[in-house]
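# Coordinate analysis (summary)
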Amino acid sequence: MMLQDGSTQLLCLTASSGVPLFTRGAPRQLPFSVIGSLNGVHMFGGGQGVVLSCCETEDGGKVVWRVFQDSVMLIAVSGGGGSSKEEGVRLQRLLEDVWSCMVLVLGQDELANMRNVERLKRDLRSCFSLIDQLLEERQEGILGNLTHCADSLLPPNPALLQEAVDGFAQAADSEFGCLLVHGRVAAATEKWWRLAPQEVVLLSAVIRSLSASGSASCDYPVFLPHGSPTVAHRLLRFQLLPGVDVCVLCGPTPSLHRAESGLVGRFWSPLVEALRDCLAVGERCIPASVSLRPDVLALLLINRETRRSVSCVRTHHLPSDPPLPSKARCWELLKLLYIFSTTRYFSQEEASCVSPEERSQRGNTEDFVLGFSHQPLQCYLVTEECKSYGLQTAQHQLFLLIPPSVPTFALRSVATQTLSDIVAATGF
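## Some details on the environment of Pro158
If you trace the backbone, Pro158 turns up in helix 7 (residues 158–171). Classification of Pro158 by relative accessible area gives partly exposed; the value is 46%.

## A look at the nonpolar core
Membership of the largest hydrophobic core comes to 49 residues, with the highest contact counts inside it found for Phe22, Leu74, Met102, Leu124 and Trp192. Ranked by the residues each element gives to this core, the list is headed by helix 2 (residues 84–106), at 11 residues. Not counting residues within four places of it along the chain, the set of residues in contact with Trp192 comprises Glu175, Phe176, Gly177, Cys178, Val200, Leu203, Cys247 and Leu249. Val165, Leu179, Val264 and Cys278 belong to the second largest nonpolar core, which has 30 residues in total.

## Quick look at the sheet that holds strand 16 (residues 396–402)
To summarise the sheet geometry, strands pair through backbone hydrogen bonds and adopt either a parallel or an antiparallel arrangement. Spatially, 6-13-12-16-15-14 is the arrangement adopted by the six strands of the open sheet, whose pairing is mixed. Edge strands, defined here as strands with exactly one partner in the open sheet, are strand 6 (150–151) and strand 14 (378–382). Docked against the sheet, helix 12 (residues 327–344) engages strand 12 (298–303), strand 13 (308–313), strand 14, strand 15 (387–392) and strand 16, running at close to 135° with respect to strand 16. Helix 14 (residues 411–426) contacts strand 12, strand 14, strand 15 and strand 16 of the sheet and is inclined by roughly 125° relative to strand 16.

## Section: the sheet that holds strand 4 (residues 62–68)
In spatial order, the strands read 2-1-5-4-3; together these five strands make up an open sheet with antiparallel pairing. Each edge of the open sheet carries a strand with a single partner, namely strand 2 (20–25) and strand 3 (54–56). Strand-to-strand twist across the sheet, computed as the mean angle between neighbouring axes with direction ignored, equals 15°. Here strand 4 runs beside strand 5 (residues 72–78); their pairing, made up of seven bridges, is antiparallel. Across the sheet, residue Arg66 finds its bridge partner in strand 5, namely Leu74. Most of the contacts of helix 5 (residues 128–135) go to strand 2, to which it runs at about 45°, and overall it touches strand 1 (8–14) and strand 2.

## Overview of the confidence of the model for the chain
Taken over all residues, the pLDDT of the chain has a mean of 87, while the share at 70 or more is 89%. Every residue in residues 350–366 is under pLDDT 50, and counting partners more than four places away or in other chains gives 25 contacts.

Criteria and thresholds
Residues numbered from 1 in each chain as written. Predicted model: local features only at pLDDT ≥ 70, side-chain atom pairs only at ≥ 80, totals over all residues. Heavy atoms only, no water. Helix = DSSP H or I, 4+ residues; strand = E, 2+ residues; numbered from the N terminus. Buried < 20%, exposed > 50% of the residue type's maximum accessible area, 1.4 Å probe, protein only. Core = buried A, V, L, I, M, F, W, Y, C linked by side-chain atoms within 4.5 Å. Contact = heavy atoms within 4.5 Å. Pairing = 2+ DSSP bridges. Axes fitted to C-alpha atoms, helices over the stretch in contact; angles between N-to-C directions. pLDDT = per-residue confidence, 0-100.

Given below as structure tokens:
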């Protein structure tokens, strides 16, 4: 498909006429003739009563199509470089998230009822920063786009911060409040956690994007793709410290000035030291009170009930033979382990907002799983780079990367001890 291995290009067209709305992704754009062919083969299949959802190319590439609201067609083209099954799952999830980004920024009505294509093209530019976040494969430490679980940070003083978030949201006439540290959720109101998991993930991405703009505060309109796709809410976001943001979803009141001048200092000035303690947790995402085993290279822990996750990659300075994977490579391997485990062995819960049609199109389960008489609860992989272990319980999923020097028979005890230590110390 003329793309480099591992690169992905996203195409957005009108579903009825195939007019290109935008392209994002790989630095080398696909030729217009190829884009036209991709649209044409899908339209031809539709005319014959066939829904074309994905295909593979001779050079190992992958193409995935999806039409939303009979209005917008999204096409993801991958240069390959990974397992066909795993790549298909990733691209299907990407298309769902991109559509939700577009709804979140513009609203469903604007997309479903196109009145002026040229104006829509201009409006869609406001979605590009979020879409580019989804396409950025090497975004270290942020896995929510893949897992649809909120990337979280476990603070050393959770009760204090929870009380402040609840009070701040209530004072702002809102039931939806959230505190983010290093782009990860450190505390949130109960109603915030009741949003659809995908909405929590995308709102975190919006806040990271707004924070990167350098503004100390902002008033940003957002639609909730599942909860309120046609009526906008106001997202008020305030920077408390560099790397620390608090936000609320609210209606017409309060004004940005009133919230910034009358509420931010009142609730958060007394907690500056507590916020600095959160910043000190850093990319580890787990407080220092949790002692991780030295043979844990990286971990991803998911709470299946709350749809939250914590993840970290540890830096190892001691020499090793063979050399241990780099930090960037560990993040990549962690993603691959998650996809491998959830497409082949572990049950993967879907949000209640996902329709049966969407669920069937994903095809997240290998055929051989249908022959199992039980639900697998653990799995492992041994490669030249590292050993990997996945563990599933009623409440958690844990994914570990472990040095090759650790005996394979010890992987289970490493995983069970790591899970027990984190849950016992944090209640996660």
